[in-house]
Amino acid sequence: MPNSTTPQTNAEMEIDLVEVFKAIVRGRLPIAIALALSVALAAIYCFQFLPDVYSATTSLYVLNQIDQTVISSRLLVNDYREIITSRRVTGAVAEELNLENLQDFTIEVEAPTDTRIIEVTVTGEDPELVMEVANGLAQEFSRYVVSIMRIDNVSIIDEALLPDAPSGPPREKYIILAAMLAVIGTMGVLAAIEIFSTSLKSADDVEKQIGIPVLAQVVWVDLESKKKKKKRRRAE
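Below: a short report on this structure. Quantities reported herein were computed from a predicted structural model and do not represent experimental measurements.

### Description of unusual backbone geometry
- Here G168 and P169 are connected by a cis peptide whose omega angle stands at 0°.
- Within the secondary structure, P169 sits in the loop between β4 (151-158) and α6 (171-196).
- Although it is not a glycine, N98 adopts a positive phi angle of roughly 60°.
- Its place among the elements puts N98 in the loop between α4 (87-96) and β2 (106-110).
- Residue class for N98 comes out exposed when judged on its relative accessible area of 72%.

Set out below in structure tokens:
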């Protein structure tokens, strides 16, 4: 006697995938509704609750006595980053600007490849404070680094300027991401409902589940609607 729990063949698996695809296609309306809602909610959140942020960048030229063949420029940049973001430097800048700390600001330190130039970028919600913090970090770093490293000189190439436009947040990206997640999530729910559904939708489903061939199939026909269609055609 054949075991009813025999794994499905490849053909049956293909049919299941087709049914899942059909279920997703039938769910165009829920997908569209989820897409519209996600875009609307994401737009409201991004434009009403996410504040604008501004960025200001200052660049410095560091002339050091350290043999570059021994220590790579990347390691030096890491050292400079740690110094600029240290409590000693950030605390001095915060005190100078009458701030409690610089935790409300994002500080990034980068260096163009194969150069002794470092760029300090500060991001925050207040454009004027962002500029002042960036310039303050550059000045305090210039004074402090000479005393703790073998540095000949630190020169400020470009001071940070007052940003004239927000640099973020990337609202459009957030909205697109929300739309993608909504569509993928809705499609996943529709697929899961189809996969785990135990209802019998066709004669093939009956044969698979019960193992008995279907001899006859009753088809429901709406006679009233057919009569109405015939009357319309005659009237035309």
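### Looking at α4
- Those residues of α4 lying buried are V89, T90, V93 and A94. Axial view of α4: buried residues confined to an arc of 125°, hence all on one face. With respect to the buried face of α4, the exposed residues turned more than 90 degrees away are R87 and E95.

### Thoughts on the side chain of T90
- For T90, the location among the structural elements is in helix α4.
- On the basis of relative accessibility, which here comes to 15%, the residue T90 falls in the buried class.
- With sequence-adjacent residues up to four places away left out, T90 is seen in contact with I84, T85, L102, I107 and L137.

### Observations regarding the pattern of salt bridges
- On inspection of all chains with the given rule, the structure shows 4 salt bridges.
- Two residues, R171 and D52, come together in a salt bridge whose shortest N-O distance is 2.7 Å. A residue pair is termed long-range when its members are at least 10 positions apart, and R171 in helix α6 and D52 in the loop between α2 (28-48) and β1 (54-64) qualify at 119 residues.
- Under the relative-accessibility criterion, D52 is labelled partly exposed at 30%.

### Quick word on the environment of I118
- As for its placement among the helices and strands, I118 is situated in strand β3 (residues 117-124).
- Sequence separation between I118 and L76 is 42 residues, and the spatial gap between their C-alpha atoms is 10.0 Å.
- Filtering out sequence-adjacent residues up to four positions away, I118 remains in contact with T58, S59, L60, V62, Y80, I84, E110, A111 and F141.

Conventions and cut-offs
Residues numbered from 1 in each chain as written. Predicted model: local features only at pLDDT ≥ 70, side-chain atom pairs only at ≥ 80, totals over all residues. Heavy atoms only, no water. Helix = DSSP H or I, 4+ residues; strand = E, 2+ residues; numbered from the N terminus. Buried < 20%, exposed > 50% of the residue type's maximum accessible area, 1.4 Å probe, protein only. Arc of directions from axis to C-beta. Contact = heavy atoms within 4.5 Å. Salt bridge = Lys/Arg side-chain N within 4 Å of Asp/Glu carboxyl O.

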